[in-house]
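The primary structure of each chain is shown beneath.
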Amino acid sequence: MDLKPLFSPETIAVIGVSRTNDRHPANVIYSKLRLRYPVKVFPVNPKGGEIQRETIYPEVTEIPDKIDLAVIAARAEFVPAILSRCVKAKVGGATIISGGFAEVGRADLQQRLVDIAREADFPFIGPNCLGIYVPRQFDTFFLPGQRLIRPDEGSVAIVSQSGGVLVDQMVKFAGQNVGLSLAVSIGNKAVVRELDLLTYLSQDTATRVIAFYVEGFEKNEGRTFVQAASRCGKPVIVLKAGKSALGSRAVSSHTASLAGDYTVFSQVLTQHGIVEARDEFEMVSFCESLSCYQRSISGRVGIITASGGHGVIAVDTCSAHGLTVPQLNSDIETDIQKHLSVSVQQIASLANPVDLTGSAVDEDFIAAATGLSASPDIDCVLILLLPYSPGISSDLGARLSHVYQKEGKPMVAYVPHEEKYRMLIEGFELNRVPVSSSIEGAVLMVEAMRRCQPC
Amino acid sequence: MLKTAICKALNSATESGWVLEPDAKHLLRTAGLKVPAFKVCPQVSEAVAWAGKIGYPVVAKVVSPKAMHKSELKGVVVGIGDDDALREAYKRFRRIDGFCGMLVESIAAGVEVIVGAKIDYQFGPVILLGMGGTAVEIYQDTAIRMAPLIERDVWSMVGSLKARRLLEGYRGSEAVSMEALVETMLTFSDLVLTLGERFESIDLNPVMCSAEDCIIVDARIVLATT
């Protein structure tokens, strides 16, 4: 199955547009594609007529152009016939937005779609989904553009069974300035499933991290998925919903009782180096971190702070997340000390955390980051940057990220996400050093690197 | 030979779908796992003769297709020191529903662990390692990995247990043999894959792990319902 037409279409047919109801999902999709995206879009409805002064084609087969993607938002009972005509018209693939299939007990109707698609080797997403969002290229969400919070383009791909969760997750990504290469809601996942997308995305050059929101797998499907994920060469993050056991199934043995569905799920992910995010907050932090760093670390953190209190909180948080904050050897301390500005030399504390105090200037941070990057006892540098300090300039983010570019030791930063610190934050982010708006989030970024390895 | 043992064990399964302990142990031994020297004795005289041969103290357990949870029925006596005590146990076991013999075996010592397996719907065969004994479900200190296991998996399983220091040697006690534990886990993983979907879950509990070896003291194999 070639999934490329699904995710990079130049021509799109929207099947099921209404001549009268502008709020119909097909109309919302048609409208946004036509007005906002660099694609050629064709409306389809058997009744013909016009929409936004454009001719509605009665059938997909009658569109003169070759269609890459069909977006189907018609009533469930019409969808099998529509799909057959898409196959006949040699459409590249489809996204079936319509509900009314297996999720409401019409597995038979869904099976007809699967049979048509399998026979023709025709890929489709859905049914019962929001479909696809590719920043600046196109999206098939039936949510009006002005209502959506739209993350910009980036290198994280998200695959979600639930459309609602996906949209919500996108809000959180946008809030932390984490860009997406692709977001897709797969709904009933009748044909294109997690494994297909994993395979596709592992080859997609725009994607560096692949994130999944999974409710559950079919029989033995989880096995194939984790094996493929551990070999795919990119970090894979999974958020599992449905963790609580439903009802109290009678179990025959201790093992059956101890190895419940979620326990197995979680531990098998760990075994294969797949990072499990426990909630949406972790998901965003993990994605941002692993889109910058794909190498795993053992979790020995060197902390730089301008406030003693922040240092203490960061140490506690590291410890709670299974990370260590080791002592520095005296050579490293001496080296940092030597490069500090004279006034800070007197008052800085050089044990880990390195507390540069509120008097620190940019050069002191550079000296500390360079020193920690050279330390063999540290495999990640955590910078707690309080932009309230008078000695810190807006260039510091970019300057510190150059330390990372030079030394190669992963660096993460905490900076309060306030609009007036934007330049400082972008100085990090545009140079691929992840920034969190909380200490907890920054520590999660380090944890992601530690967990991104089989154990 | 393993195939024969598997067939025998599966065919002899009780109506309720689990394999009697002696059959399960025979299967495990054939697969290359360690079990204590044991014998099923339908008559008390055989039991006394066997205990004399392996030497007291011994463990006696009831063998009955109706006694899946033997200890709950008081069907297990540990540390029997002489013929009289053995006869006494036999007399009591004979009154347990479905009695068809008394299993007499030598005593194994060590740290009690549980080694288990189940067929998971999403991930297929998975293997469990945890702190064993009768309180396993209270402590819930376990690690789970998808089969087949590799050696690194066993090390990481042990490393992830809260009670791992008990295995690594705690307050003067000897560390358990990781070589033996790895060998046991990998052999068990092979057996689990050989059994395939014919079983639903397996408990080896307790497995006595010492500085020398890992000996499976009790085993329960529950077959898949077809």
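## A word on the overall build of chain B
From N to C terminus, chain B includes eight helices and 11 strands. Its C-alpha atoms give chain B a radius of gyration of 17 Å, near enough to 17 Å, the size a compact globule of 226 residues would have. Each principal axis of the C-alpha distribution contributes one length, and for chain B these read about 50 × 50 × 35 Å. Relative to its 226 residues, chain B shows a buried fraction of 46%. Within chain B, counting contacts between residues at least 6 apart in sequence, those at least 24 apart form 63% of the total.

## Some thoughts on the overall build of chain A
What chain A contains, in helices and strands, is 17 helices and 19 strands. Referenced to the eigenvectors of the C-alpha coordinate spread, the extents of chain A come out at roughly 80 × 60 × 30 Å. Expressed as a percentage of the 455 residues in chain A, the buried residues total 51%. A sequence separation of at least 24 residues applies to 74% of the contacts in chain A between residues at least 6 apart.

## Some words on the packing of helix α15 (residues 396-407) of chain A against helix α16 (residues 422-429) of chain A
Residues and elements named next belong to chain A. Where α15 contacts α16, the two axes come as close as 6 Å, and the packing angle between them is 20 degrees. Viewed along their axes, α15 and α16 adopt a mutual orientation that is roughly parallel. Between α15 and α16 the crossing geometry is right-handed. From α15, Leu396, Gly397, Ala398, Leu400 and Ser401 reach across to α16, where they touch Leu424, Ile425, Glu426, Gly427 and Phe428. Among the residues making up the contact of α15 with α16, the classes are represented as six nonpolar, three polar and one charged.

## Observations concerning the pairing of strand β12 (residues 209-214) of chain A
Consecutive residues of a regular strand have side chains that alternate between opposite faces of the sheet. All names here are of chain A. The buried fraction of β12 amounts to six of the six residues, a majority that puts the element mostly inside the structure. By the alternation rule, side chains of β12 split into Val209, Ala211 and Tyr213 and Ile210, Phe212 and Val214, which are all buried. For the segment spanning β12, helix α7 (residues 221-231) and strand β13 (residues 236-240), crossover handedness is right-handed.

## Observations concerning the packing of helix α5 (residues 163-175) of chain A against helix α10 (residues 280-292) of chain A
Two measures define how a pair of helices packs: the angle their axes make with one another and the distance between the axes. All names here are of chain A. Between α5 and α10, whose axes approach to 10 Å, the crossing angle comes to 50 degrees. For the element pair α5 / α10, the angle class is oblique. Judged by the twist between their axes, the crossing of α5 over α10 is right-handed. For the pair formed by α5 and α10, the contact residues are Gln169, Lys172 and Phe173 on the first element and Glu280, Met283 and Val284 on the second.

## Brief notes about the domain arrangement of chain A
Residue and element names in this part refer to chain A. Domain boundaries in chain A define domain 1 (1-127), domain 2 (149-292) and domain 3 (297-451). Once you take the C-alpha centre of each, domain 1 and domain 2 turn out to be 27 Å apart. Mapped onto the side of domain 1 that touches domain 2, the elements with two or more residues apiece are α4 (107-120) and β7 (124-125). Broken down by element, the residue count for the side of domain 1 that touches domain 2 peaks at four residues, all from α4. Classifying every residue of the side of domain 1 that touches domain 2 by side-chain character gives 12 nonpolar, two polar and one charged.

## A few points about the sheet that holds strand β18 (residues 411-414) of chain A
Residues and elements named next belong to chain A. Pairing within the open sheet is parallel, and its five strands lie in the order β16-β15-β17-β18-β19. Each of the sheet's edge strands pairs with one partner strand only, and the pair in question is β16 (354-355) and β19 (435-436). Relative to β19, β18 is paired through two bridges, and the arrangement is parallel. By the bridge assignment, alanine 413 is partnered in β19 with valine 435.

## Section: the pairing of strand β7 (residues 124-131) of chain B
With eight of eight residues buried, β7(B) is to be regarded as a mostly interior element. Between strand β6 (residues 111-120) of chain B and β7(B), which pair antiparallel and follow one another directly, the connecting turn spans three residues.

## Some words on the interface of chain A and chain B
On the chain B side, the residues contacting the 23 residues of chain A number 29 residues. If you list the elements that add at least two residues to the side of chain A that touches chain B, you get α7, α8 (254-258) and α9 (261-271) of chain A. Considering every element that reaches the side of chain A that touches chain B, the biggest residue donor is α9(A), with six residues. Among the residues forming the side of chain A that touches chain B, the class breakdown is nine nonpolar, 11 polar and three charged.

## Focus: the environment of B:Ala49
Within the secondary structure, B:Ala49 is located in helix α3 (residues 44-54). Counting along the chain gives 161 residues from B:Ala49 to B:Ser210, while the straight-line C-alpha distance between them is 28 Å.

## Some points on the environment of A:Leu201
Mapped onto the elements, A:Leu201 comes out in helix α6 (residues 194-203). Not counting the four nearest positions on each side in its chain, A:Leu201 is found in contact with A:Ala157, A:Thr207 and A:Ile210.

## What to know about the sheet that holds strand β11 (residues 180-185) of chain A
All names here are of chain A. Taken together, seven strands build an open sheet; the order of strands is β9-β8-β11-β10-β12-β13-β14 and the sheet is mixed. Two strands lie at the open edges of the sheet, namely β9 (138-139) and β14 (275-277), each paired on one side alone. Relative to β14, β13 runs parallel, the two being bridged by three bridges. Each residue of the ladder has a partner; that of isoleucine 237, found in β14, is valine 275.

## Some details on helix α6 (residues 151-160) of chain B
Of all the residues in α6(B), the buried ones are B:Asp153, B:Val154, B:Met157 and B:Val158. For α6(B), the angular spread of buried residues about the axis comes to 130 degrees, placing them on one side. Turned more than 90 degrees off the buried face of α6(B), the exposed positions are B:Glu151 and B:Gly159. The inward-facing, buried residues of α6(B) contact α9 of chain A together with β7, β8 (142-146), α7 (164-168) and α8 (178-195) of chain B.

## A word on the environment of B:Tyr139
All names here are of chain B. Inspection of the secondary structure assignment puts tyrosine 139 in helix α5 (residues 136-139). On the neighbour-count criterion, tyrosine 139 (15 C-beta atoms within 10 Å) is partly exposed. Residues tyrosine 139 and alanine 163 lie 24 residues apart in sequence; the distance between their C-alpha atoms is 9.8 Å.

## Looking at α10(A)
Residue and element names in this part refer to chain A. For α10, with 13 residues, the first-to-last C-alpha span of 19 Å sits near the 18 Å given by 1.5 Å per residue. In terms of burial, α10 is largely enclosed, as 10 of its 13 residues are buried. Buried residues of α10: Met283, Val284, Ser285, Phe286, Cys287, Glu288, Ser289, Leu290, Ser291 and Cys292, and no others.

## Comments concerning the confidence of the model for chain B
All names here are of chain B. Averaged over every residue, the pLDDT of chain B is 93; residues scoring 70 or more account for 99%. Looking over chain B, one finds the lowest element-wise mean pLDDT in helix α1 (residues 2-11), namely 80, and the highest in strand β10 (residues 214-216), namely 98. Two numbers describe this predicted complex: its pTM, 0.92, and its ipTM, 0.92.

Definitions and limits used
Within each chain, residue numbers correspond to sequence positions counted from 1 in written order. Chains carry letters and ligands carry numbers; both start at the beginning, A for chains and 1 for ligands, and go up in the order they are written. At least 70 in pLDDT is required for a residue's local features to be given in this predicted model, at least 80 for side-chain atom pairs to be given and counted, and no such filter applies to totals for whole chains, interfaces and linings, which use all residues. By the criteria applied, helices consist of DSSP H or I runs no shorter than four residues and strands consist of E runs no shorter than two, each listed in order from the N terminus. Values of the radius of gyration come from C-alpha atoms, whereas the globule rule sets the reference at 2.2 Å times the count of residues to the power 0.38. Working definition of burial: number of other C-beta atoms within 10 Å of the residue's own, with buried at 20 or more, exposed at 12 or fewer, and partly exposed in between, all C-beta atoms being placed from the backbone. A pair of residues counts as a contact when their C-beta atoms, built from backbone coordinates, are within 7 Å of each other. Only the stretch in contact is used when fitting a helix axis, every axis being a line fitted to C-alpha atoms; angles between N-to-C directions are given from 0 to 180 degrees. The cut-offs work like this: below 35 degrees is roughly parallel, past 145 is roughly antiparallel, 65 to 115 is roughly perpendicular, and the gaps in between are oblique. The hand of a helix crossing depends on one turn: near helix anticlockwise from the far one by less than a right angle means left-handed, and clockwise means right-handed. Residues are grouped as follows: Ala, Val, Leu, Ile, Met, Phe, Trp, Tyr, Cys and Pro are nonpolar; Asp, Glu, Lys and Arg are charged; all remaining types, including Gly, are polar. The handedness of a crossover follows from its direction of travel: if, with the strands pointing away from the viewer, the path from the first strand over the helix to the second runs clockwise, the crossover is right-handed. Domain start and end points were adopted from an automatic or database domain assignment. For two strands to pair, DSSP has to find at least two bridges joining them. As used here, the arc is the angular range of directions from the helix axis to the C-beta atoms. Given the number of residues in a helix, its expected span is that number minus one, multiplied by 1.5 Å. pLDDT measures the predictor's confidence residue by residue and takes values from 0 up to 100.

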